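# Working through the structure, step by step
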Amino acid sequence: MPRRCLYLLCALAAAMLVVTEACVPFAVPAFRSTLFLWITGAFFLACASHAALGRGWRWAVGFLTITVGSGWLVEIVGVRLGVPFGAYEYTGKFGWTLL
């Protein structure tokens with residue numbers, strides 16, 4: 001991907017993040033869960049494209065693999081054992097679950 005496209009992707013993702021975050025207080029409760037999914041996606045795109053711009057794709061993929069993998073591992077341990085966040089579970093409010 002050309003560097004110019006990465007700058008554009010990073011800027012668009014950051015702008016989308018700001019706009020969606022600003023909409024949260026005004027969103028009807030039924031739409032908030034969808035809005036939070038858009039916020040998560042925009043944040044991921046902004047971080048991934050910024051990492052690729054700053055360090056290169058190879059570093060960015062390695063970094064994202066480590067951070068997403070370790071975060072997911074902590075979620076699995078948290079849901080199964082209640083450590084380190086205490087006992088909790090996912091409700092399926094988004095319609096699907098990964099754990």
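This text gives an overview of the structure that appears in the document. Everything quoted here is computed from the prediction, not taken from an experiment.

Secondary structure summary: the protein contains three helices and zero strands in total. In sequence order, the secondary structure elements of the protein are arranged as α-α-α. Scaling as 2.2 N^0.38, a compact globule of 99 residues should have a C-alpha radius of gyration of about 13 Å, whereas the protein reaches 16 Å, well beyond that. Expressed along its principal axes, the backbone C-alpha trace of the protein runs to roughly 45 × 35 × 20 Å. The buried share among the 99 residues of the protein stands at 21%.

To continue, consider the packing of aromatic side chains. Within the structure shown, the criterion is met by three aromatic pairs. Taking the centre distance of 5.9 Å and the plane angle of 85° together, the rings of Tyr-88 and Tyr-90 count as edge-to-face. For Tyr-88, a relative accessible area of 25% translates into the label partly exposed. Here the aromatic residues Phe-85, Tyr-88 and Tyr-90 are joined through ring pairs into a cluster of three or more. Taking the ring centre of Trp-59 as reference, the NZ or CZ of Arg-55 above it sits at 4.9 Å.

In this section: the packing of helix H2 (residues 29-55) against helix H3 (residues 57-81). At a closest axis distance of 7 Å, the pairing of H2 and H3 adopts a crossing angle of 140°. When the axis of H2 is compared with that of H3, the two are oblique. Crossing hand, H2 versus H3: right-handed. Residue-level contacts link Phe-44, Ala-48, Ala-51, Ala-52 and Arg-55 of H2 to Trp-57, Trp-59, Ala-60, Leu-64 and Val-68 of H3. When the residues that make up the contact of H2 with H3 are grouped by side-chain class, the tally is nine nonpolar, no polar and one charged.

Moving on: a nonpolar patch on the surface. A cluster of nonpolar residues, Leu-37, Phe-44, Val-68, Trp-72, Ile-76, Trp-96 and Leu-98, forms a patch on the protein surface that exposes about 690 Å² of accessible area. Contributing elements (two or more residues each) for the nonpolar patch: H2 and H3. Ranked by residue count, the leading element in the nonpolar patch is H3, at three residues. Within the element layout of this structure, Trp-96 appears in the segment after H3.

Moving on: H3. Relative to the 36 Å expected for 25 residues at 1.5 Å per residue, H3 spans 35 Å between its end C-alpha atoms, a close match to the ideal helical length. For H3, the elements touching its buried residues are H2. Following H3 by one or two positions, Gly-82 adopts a phi angle in the positive range, close to 80°.

This part takes up the layout of surface pockets. The volume enclosed by the second largest pocket comes to roughly 350 Å³. Of all the secondary-structure elements, those providing two or more residues to the lining of the second largest pocket are H2 and H3. Here the element with the most residues in the lining of the second largest pocket is H3; it accounts for seven residues.

Definitions and cut-offs
- Residue indices begin from 1 for each chain and proceed along its sequence in written order.
- Residues qualify for local features only when their pLDDT is at least 70, as the model is predicted, and side-chain atom pairs are given and counted only at 80 or more; totals for whole chains, interfaces and linings, by contrast, use all residues.
- By convention in this description, side-chain values take in all heavy atoms of the structure and omit both hydrogens and water.
- Numbering of helices and strands runs from the N terminus; a helix is a DSSP stretch of H or I covering at least four residues, while a strand is a stretch of E covering at least two.
- Atoms counted for the radius of gyration: C-alpha only. Globule rule: 2.2 Å times residue count to the power 0.38.
- Exposure classes here rest on a 1.4 Å probe applied to the protein chains alone. A residue is buried below 20% of its type maximum, exposed above 50%, and partly exposed in between.
- Aromatic pairs are defined between Phe, Tyr and Trp rings, using the six-membered ring for Trp, whenever the two ring centres lie within 6.5 Å; interplanar angles under 30 degrees are classed as stacked, those over 60 as edge-to-face, and all others as tilted.
- When the NZ atom of lysine or the CZ atom of arginine is within 6 Å of a ring's centre and also within 35 degrees of its normal, the charge is said to sit over that ring.
- Working convention: axes come from line fits to C-alpha atoms, limited for helices to the stretch in contact. Angles between N-to-C directions cover 0 to 180 degrees.
- For classification purposes, angles smaller than 35 degrees are called roughly parallel, those larger than 145 roughly antiparallel, those between 65 and 115 roughly perpendicular, and all remaining angles oblique.
- Left-handed describes a crossing whose near helix is turned anticlockwise from the far helix through less than a right angle; right-handed describes the clockwise counterpart.
- Residue contacts are counted whenever heavy atoms from the two residues lie within 4.5 Å of one another.
- Any residue that is not Ala, Val, Leu, Ile, Met, Phe, Trp, Tyr, Cys, Pro, Asp, Glu, Lys or Arg is counted as polar, Gly included; the first ten are nonpolar and the last four charged.
- The residues that make up patches have over 30% relative accessible area and no salt bridge, and they are joined within 9 Å when like-charged or within 5 Å when they are Val, Leu, Ile, Met, Phe, Trp or Tyr.
- Shrake-Rupley sampling with a 1.4 Å probe provides the accessible areas, and residues are treated as covered by the protein chains on show and by no other component.
- The working definition used for a salt bridge is a side-chain nitrogen of Lys or Arg within 4 Å of a carboxyl oxygen of Asp or Glu.
- One less than the number of residues in a helix, times 1.5 Å, gives the span that helix is expected to have.
- Put simply, the grid is 1 Å and covers the protein atoms alone, a cavity is a trapped set of points that fit a 1.4 Å probe, a pocket is an open set with protein on both sides within 12 Å along at least five of seven lines, and lining residues have an atom within 4 Å of a point.
- Grid points are joined across faces, edges and corners, and a volume is the space filled by probe spheres set on the points.

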